[in-house]
Amino acid sequence: MDIVVVGDINADLIFTGLPSLPAFRQLKHAKGMKFTLGGSSAIFAYNIARLGAATGFVGKVGRDHVGDFLLDTLSSAGVDTSRVVRDATLPTGICVSMSFPQDYAMVSYPGIRESFILAEIDRDYVKRARHLHLSSFYLQPALQCGCLELFRSARAAGLTTSLDPDHDPREQWNSGMQQLLHEVDLFLPNETEALRISKTQNLTSAVRTFDSFGHTTVIKRGQDGVSVIRSGQIISAPAFNVKPVDTTGAGDSFNAGFIFQYLHGAPLEKCIAWGNACGALSTRALGGIDAFPTPSEVVQFLVERAHEMAALAGQPISA
Ligand SMILES: Nc1ncnc2c1ncn2[C@@H]1O[C@H](COP(=O)(O)OP(=O)(O)OP(=O)(O)O)[C@@H](O)[C@H]1O
Ligand SMILES: [Mg+2]
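Residues numbered from 1 in each chain as written. Chains lettered and ligands numbered in written order. Predicted model: local features only at pLDDT ≥ 70, side-chain atom pairs only at ≥ 80, totals over all residues.

*Asks:* Any chance you could explain the overall build of the chain here in plain terms?
*Replies:* Summing up its helical and strand segments, the chain has ten helices and 15 strands in all. For the chain, whose C-alpha radius of gyration is 19 Å, the value lies close to the compact-globule estimate of 20 Å for 319 residues. With respect to the three principal axes, the spread of C-alpha positions in the chain is 55 × 45 × 40 Å. Counting across all 319 residues of the chain, residues that qualify as buried make up 46%. If you take every contact in the chain between residues at least 6 apart in sequence, the share linking residues at least 24 apart comes to 72%. (Helix = DSSP H or I, 4+ residues; strand = E, 2+ residues; numbered from the N terminus. Rg over C-alpha atoms; globule rule 2.2 N^0.38 Å. Buried ≥ 20, exposed ≤ 12 C-beta atoms within 10 Å, placed from the backbone. Contact = placed C-beta atoms within 7 Å.)

*Asks:* For this particular structure, what's the right way to read helix 8 (residues 250-263)?
*Replies:* Because an α-helix packs 3.6 residues into every turn, residues spaced three or four apart end up facing the same way. Counted at 1.5 Å a residue, the expected span for helix 8 with its 14 residues is 20 Å, and the 20 Å between its end C-alpha atoms agrees. In the stretch just after helix 8, Gly265 is the one whose phi turns positive, near 75°. (Expected span 1.5 Å × (residues − 1).)

*Asks:* Explain the pairing of strand 10 (residues 160-164) here, please?
*Replies:* Consecutive side chains of a regular strand alternate in pointing toward one face of the sheet and then the other. Where burial is concerned, most of strand 10 is hidden: four out of the five residues are buried. Relative to strand 10, strand 9 (residues 131-135) runs parallel, the two being bridged by five bridges. Counterpart to Leu134 in the pairing with strand 10 is Leu163. Of the pairings in the sheet, the one linking strand 10 to strand 11 (residues 186-187) comprises two bridges and is parallel in character. Residue pairing in the sheet places Ser162 in a bridge with Leu186 of strand 11. (Pairing = 2+ DSSP bridges.)

*Asks:* Hey, could you run me through the packing of helix 9 (residues 268-281) against helix 10 (residues 295-304) in this one?
*Replies:* Pairs of packed helices are described in terms of their axes, by the angle between the two and the distance that separates them. Two elements in contact, helix 9 and helix 10, have axes separated by 10 Å at closest approach and are oriented at 105°. The angle between the axes of helix 9 and helix 10 places the two elements in the roughly perpendicular class. Residues Ala273, Trp274, Ala277, Cys278 and Leu281 of helix 9 pack against Glu297, Val298, Phe301 and Leu302 of helix 10. Taken together, the residues of the contact of helix 9 with helix 10 break down into eight nonpolar, no polar and one charged. (Axes fitted to C-alpha atoms, helices over the stretch in contact; angles between N-to-C directions. Parallel < 35°, antiparallel > 145°, perpendicular 65-115°, else oblique. Nonpolar A, V, L, I, M, F, W, Y, C, P; charged D, E, K, R; others polar.)

*Asks:* Honestly, the nonpolar core in this entry has me stumped. Any pointers?
*Replies:* Inside soluble globular proteins, nonpolar side chains tend to come together where they are buried. By size, the foremost hydrophobic cluster in this structure holds 82 residues, and its most contacted members are Ala42, Ala45, Tyr46, Ile48, Leu74, Leu132 and Ala277. Apart from the residues lying within four places of it in its own chain, the contact partners of Ala42 are Asp8, Ile9, Leu37, Phe57, Gly59, Leu70 and Leu74. (Core = buried A, V, L, I, M, F, W, Y, C linked by C-beta atoms within 7 Å.)

*Asks:* I tried to follow the site of ligand 1 on my own but got confused; where do I start?
*Replies:* The local shell around ligand 1 holds 22 residues, among which Asn190, Lys220, Ala239, Gly251 and Gly279 are the closest. Where the shell around ligand 1 is concerned, the elements lending two or more residues are helix 8 and helix 9. Ranked by residue count, the leading element in the shell around ligand 1 is helix 8, at four residues. (Near = placed C-beta within 6 Å.)

*Asks:* Please explain the environment of Val58 as it appears in this structure.
*Replies:* On the secondary structure map, Val58 appears in strand 4 (residues 55-58). Taking the C-beta count within 10 Å as the criterion, Val58 has 27 such neighbours and is therefore assigned buried. It is 34 Å that separates the C-alpha atoms of Val58 and Lys243, two residues lying 185 residues apart in sequence.

*Asks:* Explain the environment of Phe258 here, please?
*Replies:* Topologically, Phe258 is positioned in helix 8. When the C-alpha positions of Phe258 and Gly279 are compared, they lie 9.6 Å apart, and in sequence the two are 21 residues distant. Setting aside anything within four residues of it in sequence, one finds Phe258 in contact with Val218, Cys271, Ile272, Trp274 and Gly275.

*Asks:* When you look at helix 1 (residues 40-51) in this model, what are you seeing that I'm missing?
*Replies:* Over its twelve residues, helix 1 runs 17 Å from end to end, which matches the ideal 16 Å to within 8%, given 1.5 Å per residue. Summarising burial for helix 1: twelve of the twelve residues are buried, a large majority. Among the residues of helix 1, those classed as buried are Ser40, Ser41, Ala42, Ile43, Phe44, Ala45, Tyr46, Asn47, Ile48, Ala49, Arg50 and Leu51.

*Asks:* Whenever I open this one, the sheet that holds strand 8 (residues 104-111) confuses me. Can you help?
*Replies:* Each strand in a sheet pairs with another by means of backbone hydrogen bonds, the pair being arranged parallel or else antiparallel. Taking strand neighbours across the sheet as the criterion, the four strands line up as 3-2-7-8 in an open arrangement whose pairing is mixed. Sheet topology places strand 3 (32-38) and strand 8 at the edges, where each strand pairs with a single neighbour. For this sheet, the mean angle separating the axes of adjacent strands, direction not counted, is 15°. In this sheet, strand 7 (residues 92-99) lies alongside strand 2 (residues 10-16) in parallel orientation, the contact comprising six bridges. Paired with Asp12 across the strands is Cys95, a residue of strand 7. Packed on one face of the sheet, helix 2 (residues 65-76) meets strand 2, strand 3 and strand 7 and runs near 80° to strand 7.

*Asks:* Got a minute to help me understand unusual backbone geometry in this structure?
*Replies:* One non-glycine residue, Trp173, adopts positive backbone phi at about 60°. One can find Trp173 in the loop between strand 10 and helix 5 (177-180). Judged by C-beta crowding, with 17 C-beta atoms within 10 Å, Trp173 ranks as partly exposed. Residue Lys199 is not a glycine yet carries a positive backbone phi of 50°. Examined against the element boundaries, Lys199 turns out to sit in the loop between helix 6 (191-198) and helix 7 (203-211). Among the residues examined, Lys199 registers 12 C-beta atoms within 10 Å and is labelled exposed.

These results come straight from atomic positions and should not be treated as a statement about function.
Given below as structure tokens:
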């Protein structure tokens, strides 16, 4: 196994083309709808498997039709779901999203996903992979206290590790994150998450904080691209110019492209180019997986858009 992904999985139900949000006692008709795989960790697992990484997913779903649908979807990309826990005590989670051109409103029911704990993870299975990835740290309250041990034991077994914190809905931004960062090789927050977790006001200060942990930090900045910090150097790269249909899962798709190349030992510039290409291309359709590119589409896109890639020059942090 190249990579084992541990974390959140749920269904996403996305409505588009609504005239406005419905008020109480009102019915609004949507023009478009998609029922699809959701959860940052699951979207990431599906997408990196599509690129060709041998991938295992470990998470928790209910014993219901939605759980069946999610596991079938992961399997269709070649993801091994044999270690996913099924539990009938609560339904599988669903996130309903009403998507507008410039905004969205969401209702999320986490369901059984929130009860996933360290003891339910087959640790020998994790050790069979070369790399461990986890997304949505703050959305998995029961797993949080086990993450340090999970990452420590994975590293002791020779795996490299990556973490995408995602947003903290309680806006507390700790829950053991500082200790966990010592066990992470690749840290992949977006800009808001980077500032909140480092408790700093600007990116330069955040960069200094993260660099002290000794890992590579990849700060995703939406249509402004990405800044990567390693050993006191920052490499910034612009995003590709696209007209997004829906940016759900752009961060997870970026992670898939970046980590796919990282696992191949590619130089940082190539990891960034693949991350940016996968992030941009993933915005072509609703949801996190449908527009995700094949490896040959990524290569073709990078050739066509070579002129958009600014020279990736390293700059010292103090600059
Ligand atoms: N509008 C866009 N145009 C071009 N590229 C984009 C756009 N939005 C996102 N991307 C690409 O995807 C990457 C990740 O997106 P973003 O910064 O939104 O991550 P995120 O906030 O973690 O997203 P998510 O909501 O999936 O968690 C960006 O660094 C960029 O490469
Ligand atoms: Mg994200």
